Amino acid sequence: LGGVSSYTRPMPGRSDLQLLKSQACIPHSPRQLFMLLTNTSKRRTLEPNIRYCERSHVYSTNTFLDYYAYHAVWPTTARDFAAALHWQIVTRKRESIGAISSPTDDGNDNGNNGDQTALVLVATSFPGGYDKAPSPPDHVRGELLISMSLLEPHKISGQDRPFCKLTRLLCYDLCG
């Protein structure tokens, strides 16, 4: 029911960096987790090392430029990131996954013929947006190579509440 599993490997094309993959089953719906991940005013409850964050620009309903400033961790200088974040609902047709049916947000397939739906969030550093989110002089601008979150509804036997299977890929360069 609980727990987090994580794995690392060298980032393809950047052997000096590690690509982190983590998975967890969280006792909330994918929608609830999505709302937390995309709400900059609540993001610090999820990541307490964030000192300041804001939505610097909205490109579309699904695409934003977010700015995150992190507390310094001794002996390093504070870091910040300007990242373009895009989210999308994806559907995988039942015929492409065999006989597996997957629940929707509330744990029912709601007549979708077993099609599997999920929320995907992808973020990466966006140099084109640096003018909208300038780095303060006491920070070093880090590079976010990839942050990908896959939020899938997950039904747990004997549980009435919704669960979310979260898979996350993360790779960043602190640039110094």
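Residues numbered from 1 in each chain as written. Predicted model: local features only at pLDDT ≥ 70, side-chain atom pairs only at ≥ 80, totals over all residues. Heavy atoms only, no water.

Participant: Where do I start with helix 1 (residues 30–38) in this structure?
Facilitator: Residues that lie three or four places apart on an α-helix share one face, since the helix turns once every 3.6 residues. Along helix 1, the positions that sit buried rather than exposed are Pro30, Leu33, Phe34, Leu37 and Thr38. Buried residues of helix 1, seen end-on, are gathered within an arc of 120 degrees and therefore sit on one face of the element. (Buried < 20%, exposed > 50% of the residue type's maximum accessible area, 1.4 Å probe, protein only. Helix = DSSP H or I, 4+ residues; strand = E, 2+ residues; numbered from the N terminus. Arc of directions from axis to C-beta.)

Participant: Would you mind going over unusual backbone geometry with me for this structure?
Facilitator: A negative phi angle characterises most non-glycine residues, just as the trans form characterises most peptide bonds. Of note, the bond from Trp74 into Pro75 is cis; its omega dihedral lies within 30 degrees of zero at 10 degrees. Within the fold, Pro75 resides in the loop between strand 4 (63–70) and strand 5 (78–92). Here the phi dihedral of Cys175 falls at roughly 55 degrees; this positive angle occurs in a residue that is not glycine. With respect to the helices and strands, Cys175 occurs in the segment after strand 9 (163–173).

Participant: What's the story with the nonpolar core in this structure? I'm lost.
Facilitator: Nonpolar side chains tend to gather and get buried jointly when the protein is soluble and globular. In terms of nonpolar packing, the biggest core is built from 20 residues, with Leu33, Phe34, Trp87, Leu121, Leu144 and Leu151 touching the most fellow members. Those elements giving two or more residues to this core turn out to be helix 1, strand 3 (50–60), strand 4, strand 5, strand 6 (116–125), strand 8 (143–154) and strand 9. Sort the elements by how many residues they give to this core and strand 5 lands first, with four residues. (Core = buried A, V, L, I, M, F, W, Y, C linked by side-chain atoms within 4.5 Å.)

Participant: Looking at this model, I keep getting lost on the pairing of strand 9. Mind explaining?
Facilitator: The side chains of a regular strand alternate between the sheet's two faces. Pairing geometry for strand 2 (residues 14–26) and strand 9, over seven bridges, is antiparallel. Note that in strand 9 the partner of Leu20 across the bridge is Leu170. Bridge count between strand 8 and strand 9: 11 bridges; the pairing is antiparallel. Bridging from a neighbouring strand, Ile146 pairs with Cys171 of strand 9. (Pairing = 2+ DSSP bridges.)

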